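Residue strings, one per chain:
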Amino acid sequence: MPSEKVLKGEVSGAFLLGLLASLHNVKSLPQSDIRLRADEIEPLVWYPYSMLISTLEQLASTVPSSNILFFAGINFLRIWYEQGPGKTMIQSGLDWLHANDESGGYNSVVRGGAPEEIGWCRLTSIDVEQGLAIYDNVVALPPDYVRGVFYGGCILFDDMEYVDVHVDDAPFPQNPMLRRLTITVRFRCKSPEQAARVDAAIDVLKPGTLLALSVEDTESLAWRFKGLRLKERYLTAYHEDARNVLAEATHQLEHTASELRAAKERIEAAAAVGIIGLWEWDAQESHLSWDSVMYHLYGLSSRAFNVTYDGWTRILHPEDRVRVDAELSVAMTRGTVFSSEFRIFWPDRSVHYIKSVAKVMSAGGTATRMLGVSYDITEQKRIQHELDQLAFYDRLTGLPNRRLLEDRLDQLLAFAQRQHQNIGLLFVDLDRFKPVNDQYGHHVGDWLLQSVASRMQGCVRGSDTVARIGGDEFVVLLPAIGNLDEAFGVAEKIRGCLEAPFSRAGDVRLEISASIGVALYPQHAQTARELMHFADNAMYMAKNVGRNAVAVVKDKE
């Protein structure tokens, strides 16, 4: 487990915004997996350093390839120059190579900790004649992203004929959250006068004429060609990866669309072949008349079942019986159309869904009977359930997803306001989940998420909600919770449960933990968004003290 000092410090909001924008601008990143949103970040505010670490962990499991990360780094540098302080700091590629020394480097966007806690970037040496610059960089950013940042700064201006960046990656023993990078930049500066001569010679070049260049000018042209060829290689690799990502995303969308089309066809087919039964109810005699199809819909034999109103209601599902009886009474009293869906038990105790519609018939101004039709909608209900599962539940764990969670939270808040009750919200983020995926593969990671979901459900009441809202992130809703201590107790129960090892067939023993943030309505927040936000902040506090911990959001002052 990381020590407390590992996650000390702060990161600037501007840096977080640039990081998000650089990745989103690549157009090849599945953005739904990134919980941090740009509209939640203020550029002039400083945020917990653990927020940077958590975001980078998510990105590491989301970004499809090193080539895409490389171009994201290039984008970050362009954003820093065009929208940040870059234009006031550098005017050339050579300025950029010296910028880390002059600006404090990486430490200009992180603060509040010792170097081994937040990292650094130092220019070790630079030789312009030899075209070589070397940096010592301790950072949380992925190596390919850093390589893109350095490359992007050198190609931002037209003053270099050739640039290439190499990064050696090694662990940083003092802080496992960081990596120690040795960055080697090989470059060749472009002489403005020489460049003008070469460009002028190229401009007047025509087929059949000779290109008269000096040895120095020829060498310059060769280095330009070498640099352009390297750029082309990088672009080709990026576009190939981007096409692969797009192809995979398209395949997934087509698969989902195919499932929905099949469901729609099943619904239409069920309606097309649905068997309609006819019935009549004499309200004065309390007698029901069925045709032969009605007996088939109820799985009954006309010889074995005497149709009476009381006999029919006994077949209805107990949870539907009172409602349907009331709907019939209202229709008869008001003379309105009766329309209802309800469940029935067949003799074998299997449950079937029936849709009934009827018109009230009157005699002398008094409602006396109903004429109606019924048909089986069991298949439609099954398909609707499958569609609801797709829309509102996480496919992997079967838990409610973010959409259903937000809907339930809104309903609970409305009820809690009327009844003056508390609502607890726990924001649960798994620790050390990514190494499991890396070491054992996604199939083991999926099994672990399913096991985590099962354990968490075993820690809460039937009225509570456990939802999965992202890769390794869960939210627990605790309606009508007594007080903050009770909510904290549930969080501790979940933390302790997830701390215990997970054993999988094949002698695989997995050890993770959870950082949990706790917030309470109305003590800490008045709206659903505030409650989620403050519980999320509390989770970062738990991360900040070393993970495998529960933290409560600070009360409003």
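Residue positions are given per chain, counting from 1 as you read along its sequence in written order. With the structure being a predicted model, the display of local features is reserved for residues of pLDDT at least 70 and the display and counting of side-chain atom pairs for 80 or more, all residues being used for whole-chain, interface and lining totals. Only hydrogens and water are removed before side-chain values are computed, so all heavy atoms of the structure are retained for them.

What about the pairing of strand E14 (residues 465–470)?
Stated precisely, the cut-off is as follows: The classification of residues rests on relative accessible area computed with a 1.4 Å probe and restricted to protein chains. Under 20% of the type maximum is buried, over 50% is exposed, and intermediate values are partly exposed. Counting from the N terminus, the helices are DSSP H or I runs at least four residues long and the strands are E runs at least two residues long. DSSP-based pairing: two strands are paired if at least 2 bridges between them are found.
Counting buried positions over the six residues of E14 gives five, a clear majority of the element. Pairing of E14 with strand E15 (residues 473–479), which is carried by five bridges, proceeds in the antiparallel orientation. Bridge pairing links Val466 to Val476 in E15. Taking the residues between adjacent antiparallel strands as the criterion, E14 and E15 are bridged by two residues.

Thoughts on the packing of helix H16 (residues 442–457) against helix H17 (residues 484–499)
Heads up, the rule is: Axis geometry follows a simple rule: fit a line to the C-alpha atoms, using only the stretch in contact for helices, then measure angles between N-to-C directions, giving values from 0 to 180 degrees. For classification purposes, an angle smaller than 35 degrees is called roughly parallel, one larger than 145 roughly antiparallel, one from 65 to 115 roughly perpendicular, and anything else oblique. Throughout, a crossing is termed right-handed when the near helix is turned clockwise from the far one, and left-handed when it is turned anticlockwise from it by less than a right angle. The contact criterion used throughout is that any non-hydrogen atoms of two residues lie within 4.5 Å.
One way to put it is that H16 packs onto H17 with a least axis distance of 9 Å and a crossing angle of 140°. For the element pair H16 / H17, the angle class is oblique. Of the two possible hands of crossing, H16 and H17 adopt the one that is right-handed. Touching Val452, Arg455 and Met456 of H16 are Ile494, Cys497 and Leu498, all from H17.

Looking at the side chain of Glu161
Along the polypeptide, Glu161 turns up in strand E6 (residues 160–171). For Glu161, a relative accessible area of 5% corresponds to the buried category.

A word on the pattern of salt bridges
Defined as follows: Whenever a carboxyl oxygen of Asp or Glu lies within 4 Å of a side-chain nitrogen of Lys or Arg, that contact is scored as a salt bridge.
Evaluated as defined, the whole model comprises 24 salt bridges. When the shortest N-O distance is used, the salt bridge between Arg343 and Glu319 registers 3.1 Å. In this pair, Arg343 sits in strand E10 (residues 338–345) while Glu319 sits in helix H12 (residues 318–334), placing the two residues 24 residues apart along the sequence. Of the residues examined, Arg343 reaches a relative accessible area of 17% and is grouped as buried. For Glu319, a relative accessible area of 61% gives the class exposed. A salt bridge links Lys434 to Asp438, with the shortest nitrogen-to-oxygen separation between them at 2.7 Å. Residue Lys434 and its partner Asp438 are both found in helix H15 (residues 433–440); the two are separated by four residues, about one turn of the helix. Using a relative accessible area of 53% as the deciding quantity, one classes Asp438 as exposed. Sharing partners across several salt bridges, the network here consists of Glu319, Asp320, Arg323, Glu327 and Arg343.

Description of the side chain of Asp136
Spelled out, the test is: Any N or O atom pair separated by 3.5 Å or less is treated as a polar contact, with the protein-specific requirement of one donor-capable and one acceptor-capable atom, and with residues adjacent in sequence counted only for side-chain atom pairs.
Relative to the helices and strands, Asp136 resides in strand E5 (residues 132–139). Look at Asp136 and you get buried, because its relative accessible area is 14%. Within polar-contact distance, the side chain of Asp136 engages the side chain of Trp120 at 3.0 Å. Contact partners of Asp136, with chain neighbours within four places excluded, come to Trp120, Cys121, Arg122, Thr124, Arg180 and Leu181.

Observations regarding the sheet that holds strand E4 (residues 120–127)
Read from one edge of the open sheet, four strands run E4-E5-E7-E6, paired in antiparallel fashion. The open sheet has two edge strands with one neighbour each: E4 and E6. Taken pair by pair, the neighbouring strands of this sheet meet at an average axis angle of 15°, ignoring direction. The strands touched by helix H7 (residues 143–155) within the sheet are E4, E5, E6 and strand E7 (179–189), with E6 carrying the most contacts at an inclination of about 160°.

A few points about H7
How we decide: Here the expected span of a helix is defined as 1.5 Å times the quantity of residues minus one.
Over its 13 residues, H7 runs 19 Å from end to end, which matches the ideal 18 Å to within 8%, given 1.5 Å per residue. With respect to burial, H7 is a largely interior element, 10 of its 13 residues being buried. Taken as a whole, H7 has its buried residues at Tyr145, Val146, Arg147, Gly148, Val149, Phe150, Tyr151, Gly152, Gly153 and Cys154.

Considerations on unusual backbone geometry
Put simply, Tyr521 and Pro522 share a cis peptide bond, and its omega is 0°. Tracing the backbone shows Pro522 in the loop between strand E18 (513–521) and helix H18 (528–544). For Arg349, which is not glycine, the phi dihedral falls at a positive 70°. What makes Arg349 exposed here is its relative accessible area of 55%. One non-glycine residue, Asn548, adopts positive backbone phi at about 50°. The topology assignment puts Asn548 in the loop between H18 and strand E19 (550–552).

Quick notes on the environment of Met361
As for its position among the elements, Met361 is in strand E11 (residues 351–363). Once you skip the residues sitting within four places of it in the chain, Met361 turns out to touch Thr366, Ala367, Thr368, Arg369 and Leu371.

What about the environment of Val146?
Residue placement: Val146 occurs in helix H7. Assessed through its relative accessible area of 3%, Val146 is described here as buried. Placed 19 residues apart in sequence, Val146 and Val165 show a C-alpha to C-alpha distance of 9.6 Å.

Some points on the packing of aromatic side chains
Selection criterion: We call Phe, Tyr and Trp rings a pair once their centres come within 6.5 Å, taking the six-membered ring for Trp, and we label the pair stacked below 30 degrees between planes, edge-to-face above 60, and tilted otherwise. Lysine NZ or arginine CZ positioned within 6 Å of the ring centre and within 35 degrees of the ring normal marks a charge as sitting over the ring.
For the structure shown, the criterion picks out 14 aromatic pairs. On the numbers, 4.7 Å between centres and 35° between planes, the contact of Trp290 with Tyr298 is tilted. The residues Trp290 and Tyr298 share a single accessibility class, namely buried. Over the ring of Trp120 we find Arg122; its NZ or CZ atom is 4.2 Å from the centre of that ring.

Focus: the packing of H15 against H16
Interhelical geometry of H15 versus H16 gives an angle of 140° and a closest axis separation of 7 Å. Residue-level inspection shows Phe433, Val436, Asn437 and Tyr440 of H15 in contact with H16, the latter providing His442, His443, Val444, Gly445, Leu448 and Leu449.

Section: helix H3 (residues 66–82)
Taking 1.5 Å per residue, 17 residues should reach 24 Å; H3 reaches 24 Å between its end C-alpha atoms and fits that length. In terms of burial, H3 is a largely internal element, 13 of the 17 residues being buried.

As for the pairing of strand E8 (residues 277–282)
The alternating pattern of E8 places Gly277, Trp279 and Trp281 on a buried face and Leu278, Glu280 and Asp282 on a face that is not buried. Direction of pairing for E8 relative to strand E12 (residues 366–376): antiparallel, over a ladder of six bridges. Across the sheet, the residue bridging to Trp281 is Met370, located in E12. For E8 and strand E9 (residues 287–290), the ladder comprises four bridges, and the chain directions are antiparallel. Bridged to Glu280 within E9 is Ser289.

Side note on the confidence of the model for the protein
Atom-level detail of predicted coordinates should not be read off regions where pLDDT is low. To keep things clear, this is the line we draw: For every residue, the predictor states its confidence as a pLDDT score lying anywhere from 0 to 100.
Within the protein, residue pLDDT values average 83, and 86% of them lie at 70 or more. Throughout residues 25–34 the model reports pLDDT below 50, and contacts reaching past four residues in sequence, or to other chains, amount to 27 contacts. Per-residue pLDDT stays below 50 along residues 267–274; that stretch engages in six contacts with residues further than four places along the chain or on separate chains.

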